[in-house]
Amino acid sequence: MSTDAKLIAAAELADHYIEIILSEEPALLVEKIADQGAKDIAKSAKALAEFRLQLAKALAEQPIPEYFEESEEEEEEEESAEDGEEAKDEHADK
C-alpha cells in the first residue's frame, strides 16, 4: 500500500471512529452547541479537527487491515458502475 493510500485509509478510519463516538457519546468530543457562543463553537471545531488529524496520523503508523483495503476497491468499482448507469440513463433521456 502506498504512503498516500495509507494516509487516506487512515483518515477514513479516523472519520469512522469519530462518527461512532459522535453518535454514541458526543460529549466525549464536543460540548453541546446550544451551550456555546460563536467563539467557543469555533474552538470546539478546531479541537475536533486537530483530534482527527492526530488520530489519522497515529492510525497511519499502524497496519491497515486488508478488509479495509478491499472495501475501498469494491466501493470504487461500485461507483464506476453507478456512473456508467447514470450516463446510460442520461443518454436514454435525450
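Structure: see above.
Everything numeric in this text was worked out from a predicted model, so none of it was measured. (Residues numbered from 1 in each chain as written. Predicted model: local features only at pLDDT ≥ 70, side-chain atom pairs only at ≥ 80, totals over all residues. Heavy atoms only, no water.)

Details of the nonpolar core
Here is a general trend for soluble globular proteins: nonpolar side chains tend to be buried in one another's company. Counting residues in each nonpolar core, the largest one holds seven residues, listed as Ala10, Ala11, Leu13, Ala14, Ala56, Leu59 and Ala60. Of all the elements, helix α1 (residues 3-24) adds the most residues to this core, at four residues. Apart from the residues lying within four places of it in its own chain, the contact partners of Ala56 are Ala10, Ala11 and Ala14. (Core = buried A, V, L, I, M, F, W, Y, C linked by side-chain atoms within 4.5 Å. Buried < 20%, exposed > 50% of the residue type's maximum accessible area, 1.4 Å probe, protein only. Helix = DSSP H or I, 4+ residues; strand = E, 2+ residues; numbered from the N terminus. Contact = heavy atoms within 4.5 Å.)

Some words on the environment of Glu31
Position of Glu31 relative to the elements: it lies in the loop between α1 and α2 (38-60). Placed 10 residues apart in sequence, Glu31 and Ile41 show a C-alpha to C-alpha distance of 8.6 Å.

As for α1
Over its 22 residues, α1 runs 31 Å from end to end, which matches the ideal 32 Å to within 8%, given 1.5 Å per residue. Considered for burial, the residues of α1 that qualify are Ala9, Ala10, Ala11, Leu13, Ala14 and Ile18. (Expected span 1.5 Å × (residues − 1).)

Observations regarding the packing of α1 against α2
One way to put it is that α1 packs onto α2 with a least axis distance of 8 Å and a crossing angle of 130°. If you check the angle between α1 and α2, you find them oblique. Crossing hand, α1 versus α2: right-handed. Listed contacts from α2 to Lys6, Leu7, Ala10, Ala11, Leu13, Ala14, Asp15, Tyr17 and Ile18 of α1 are Leu48, Phe51, Arg52, Leu55, Ala56, Leu59 and Ala60. A breakdown of the residues in the contact of α1 with α2 according to their chemical character gives 13 nonpolar, no polar and three charged. (Axes fitted to C-alpha atoms, helices over the stretch in contact; angles between N-to-C directions. Parallel < 35°, antiparallel > 145°, perpendicular 65-115°, else oblique. Left-handed = near helix turned anticlockwise from the far one by under 90°. Nonpolar A, V, L, I, M, F, W, Y, C, P; charged D, E, K, R; others polar.)

Here's the deal with the environment of Ala11
With respect to the secondary-structure elements, Ala11 resides in helix α1. For Ala11, a relative accessible area of 16% corresponds to the buried category. In the structure, Ala11 is positioned 41 residues away from Arg52 in sequence and 7.7 Å away in space, judged by C-alpha atoms. When residues no more than four places from it in sequence are discounted, the contact partners of Ala11 are Arg52 and Ala56.

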